[in-house]
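Coordinates in review
Here's the letter readout for the chains.
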Amino acid sequence: MENNFDLIVIGGGPGGYVCAIRASQLGLKTACIESRGTLGGTCLNVGCIPSKSLLNLSDNYQKAKNEFDKQGIELKDIKINVKKMMSNKDKSVQILTKGVEFLFKKNKVTYLKGKGVLFSKNDVVLYNGDQKTSYKAKNIVIATGSYPSTIPGVDVDEKNIISSTGALSLDKIPKSLIIIGGGYIGLEMGSVWSRLGSEVTVVEGLDHITPGMDKEISKEFQKILIKQGIKFKMSTRVLSVSKDVNLINVECMDKNKKKEIISAEKVLISVGRKPYTEGLNLNKLGIKKDDKGRIEVNNRLQTNLENIYAIGDVIKGPMLAHKAEEEGIAVAEILAGQAGHVNYDVIPGVIYTSPEVATVGKTEEQLKKENQNYKVGKFPFLANSRAKVNNETDGFVKILADAKTDKVLGVHIIGPHSGDMIAEMALAMEFGASSEDIARTCHAHPTHTEAIKEAALAVDKRPIHF
Ligand code: NAI
């Protein structure tokens, strides 16, 4: 086998595998090292993809159980079969991870199975069981992703005290579930198990869920989740988690320093993720990291060693698969002598709950902090005809535009299909659109996207339907 490459990518997640494919397309002799045994990283194996499968299935179940009857669809004996649901999810994951392997073959990327360790700026050693193979690379990309953070002293056994990985593979519906952390993972997995019948309580250290999100959207989001049956303990930090005979005890402390113990059958810890750089030999090579353990890179995504690059969850920025993909492509293009670039101002974020929450650009709080003058246009889905006929009227669209130039600075949507609709807003922002541009774009009727057009009209106080 060939041992010399133009590029070795360490990590086969959405950042790494996309980088490898693009580099190969651009003529670089490329290998990608992955230790998991399947490609696709956290996202495809134990993250975005399996969670979306469970979110979709549990949403269908919830609608069939609680909503169809009111809409004239009468079903009897609706039951959930957790085993079938999990195998449906596993099948989708398997097909998609195999799909990446096929894309490697098609694009002539060499797939190296095992753990990659850096030995010098051009030497990578691959460990696979007892086997050790050395490779040389002109350039190296570190795309090793992240792993779940935990609470000091808490032992995650993935059976009763679980991370997102365990929450995606429970073999039965827990009677009760405590979720520590009201962020992306907690609220998506909380929605899944609450829809299936668990009594879900989210314990969040801050006074609001989804930190960093536009506060108005985050408040509305929490209201909707409460209406759906999820309970919240806000401004409450978890001090310890311990196992009793049948239950897990969670010791909490609220903002007045009052301590309380709450119990549940299972506890999900979703308090963030950490960059995964262990065992790569970064210290030995002198590759710099910041105080959060993230690899430091310049605006070309280069580490302090000029032929070693880093992308995705191991560097700064949101831990999102599509952000990592953009960085992967940018690095491949830079290495091929092109002008690879990532526009960090226009990275959408989506929470796939029901309704979905989708955002791109600046929040109102950020604009205030930056002393930027802005205008706000809002439009509720209650006044959108398509949302109304579909009985999906929760939520609204919020557009923030520069007070003087009218340039769109941020768009925040909570409502049906917002995860898909946010793409239109990302495109508009990439082209430097004004709210006037969006307002004057013809949107098909009747669609949910008309709520975007109306919110853009509302920026200048001229919505038609509200
Ligand atoms: P997160 O950073 O989104 O939320 C963690 C929450 O835990 C925060 O609200 C924080 O205040 C709270 N917290 C931390 N320590 C606590 C304590 N001791 N007691 C109570 N609350 C505490 O992290 P999460 O949900 O674990 O997600 C990790 C990453 O995965 C995120 O950065 C996200 O970008 C990514 N992700 C993205 C998804 C998507 O794009 N739909 C889905 C799932 C994950």
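See the structure printed just above.
Presented here is an overview of the structure given in this document. Just so we're clear, the structure is a prediction, and the values are computed from it rather than from any experiment.

Moving on, we get to the sheet that holds strand S11 (residues 231–233). The strand order across the open sheet formed by five strands is S8-S15-S9-S10-S11, and the pairing between neighbours is parallel. Edge positions in the sheet fall to strand S8 (161–162) and S11, since each of these pairs with one other strand and no more. Of the pairings in the sheet, the one linking strand S10 (residues 199–203) to S11 comprises three bridges and is parallel in character. Bridge pairing in S11 links Thr-201 to Lys-231.

As a further point, take helix H4 (residues 82–106). Along its 25 residues, H4 runs 36 Å from first to last C-alpha, staying within 8% of the 36 Å computed at 1.5 Å per residue. Here H4 has its buried residues at Val-82, Met-85, Met-86, Lys-89, Val-93, Thr-97, Val-100, Glu-101 and Phe-104. A distance of 3.2 Å separates the backbone nitrogen of Lys-83 from a side-chain oxygen at the start of H4, and that oxygen is part of Asn-81. Immediately downstream of H4, the backbone of Lys-108 shows phi near 60°, a positive value.

Let's shift gears to the packing of aromatic side chains. As enumerated under the stated definition, the model contains four aromatic pairs in all. Seen from their ring centres, Tyr-147 and Tyr-276 are 6.0 Å apart, and the 80° between their planes marks the pair as edge-to-face. Remark: Tyr-276 occurs in the loop between strand S16 (273–275) and helix H8 (282–285) and Tyr-147 occurs in strand S7 (residues 146–148); sequence separation between them is 129 residues. On the accessibility criterion, Tyr-147 (29% relative accessible area) is partly exposed. The partly exposed category is assigned to Tyr-276, whose relative accessible area is 33%.

In this section: the site of the ligand. Neighbouring the ligand are 24 residues; Ile-185, Glu-188, Glu-204, Gly-272 and Val-350 lie closest to it. Take Gly-272: an N or O atom from its main chain is 2.9 Å from an oxygen atom of the ligand. Between the ligand and the protein, one listed contact pairs an oxygen atom with a backbone N or O atom of Met-319 at 3.1 Å. Here the ligand has 860 Å² of accessible area as a free molecule, and 82% of this is covered by the chains. At the level of secondary structure, the elements contributing two or more residues to the shell around the ligand comprise helix H6 (184–195) and strand S12 (237–243). At four residues, H6 tops the list of elements feeding residues into the shell around the ligand. When grouped by side-chain class, the residues that make up the shell around the ligand number twelve nonpolar, eight polar and four charged.

So, on to helix H14 (residues 450–459). The buried fraction of H14 amounts to nine of the ten residues, a majority that puts the element mostly inside the structure. Check the buried side of H14 and you find it contacts strand S20 (374–380), helix H11 (385–389), strand S21 (396–402), strand S22 (408–415), helix H12 (418–430) and helix H13 (435–439). Downstream of H14 by a residue or two, Lys-461 has a phi angle that is positive, lying close to 55°.

In a soluble, globular protein the nonpolar side chains are often hidden away together inside. Core analysis: the largest hydrophobic core is formed by 55 residues, its most contacted members being Ile-8, Phe-104, Leu-118, Val-141, Ile-142 and Ile-287. By size, the runner-up hydrophobic cluster in this structure holds 32 residues, among which are Ile-162, Leu-170, Ile-179 and Met-213.

A complete count under the given rule lists 25 salt bridges for this structure. When the shortest N-O distance is used, the salt bridge between Lys-227 and Asp-394 registers 3.0 Å. With Lys-227 in helix H7 (residues 215–227) and Asp-394 in the loop between H11 and S21, this pair connects stretches of sequence that are 167 residues apart. Among the salt bridges present, the one from Glu-364 reaches Lys-368, with a minimum N-O distance of 3.9 Å. Residue Glu-364 and its partner Lys-368 are located together in helix H10 (residues 364–369), separated by four residues, close to a single helical turn. Overall, Glu-364 belongs to the buried group, its relative accessible area being 14%.

For the rest of this paragraph, the subject is the pairing of S12. In this structure, S12 lies alongside strand S13 (residues 248–253), joined through six bridges in antiparallel fashion. Across the sheet, residue Lys-243 finds its bridge partner in S13, namely Ile-248. What sits between the antiparallel neighbours S12 and S13 is a turn of four residues.

Parameters at a glance
Numbering of residues begins from 1 in every chain and follows the order in which that chain's sequence is written. Local features in this predicted model are restricted to residues of pLDDT 70 or higher, and side-chain atom pairs are both shown and tallied only at a pLDDT of 80 or more, whereas totals for entire chains, interfaces and linings draw on every residue. Neither water nor hydrogens contribute to the side-chain values; these are computed over all heavy atoms in the structure. Two strands pair under a simple rule: DSSP has to find at least two bridges between them. Under the DSSP-based scheme used, a helix requires at least four consecutive residues in state H or I and a strand at least two consecutive residues in state E, with every element numbered from the N terminus. To estimate the expected span of a helix, subtract one from its residue number and multiply by 1.5 Å. Only protein chains enter the accessibility calculation, which uses a 1.4 Å probe; a residue whose area is less than 20% of its type maximum is buried, one above 50% is exposed, and one in between is partly exposed. Definition of a polar contact: a pair of N or O atoms within 3.5 Å, with one able to donate and the other able to accept a hydrogen when the atoms are protein atoms, and with sequence-neighbouring residues admitted only if both atoms are side-chain atoms. Think of it this way: a Phe, Tyr or Trp ring, Trp meaning its six-membered ring, pairs with another when their centres are within 6.5 Å, and the plane angle makes it stacked under 30 degrees, edge-to-face over 60, tilted otherwise. Here a residue is near a molecule or strand as soon as one of its heavy atoms is found within 4 Å of it. In these tables, accessible area is a Shrake-Rupley quantity obtained with a 1.4 Å probe, and a residue counts as shielded only by the protein chains included in the view. Residues are sorted three ways: Asp, Glu, Lys and Arg are charged, Ala, Val, Leu, Ile, Met, Phe, Trp, Tyr, Cys and Pro are nonpolar, and all the rest, Gly among them, are polar. Residue contacts follow a heavy-atom distance rule, with two residues in contact if any of their heavy atoms lie within 4.5 Å. Put simply, buried Ala, Val, Leu, Ile, Met, Phe, Trp, Tyr and Cys residues joined by side-chain atoms within 4.5 Å make one nonpolar core. Any Lys or Arg side-chain nitrogen located within 4 Å of an Asp or Glu carboxyl oxygen qualifies as a salt bridge.

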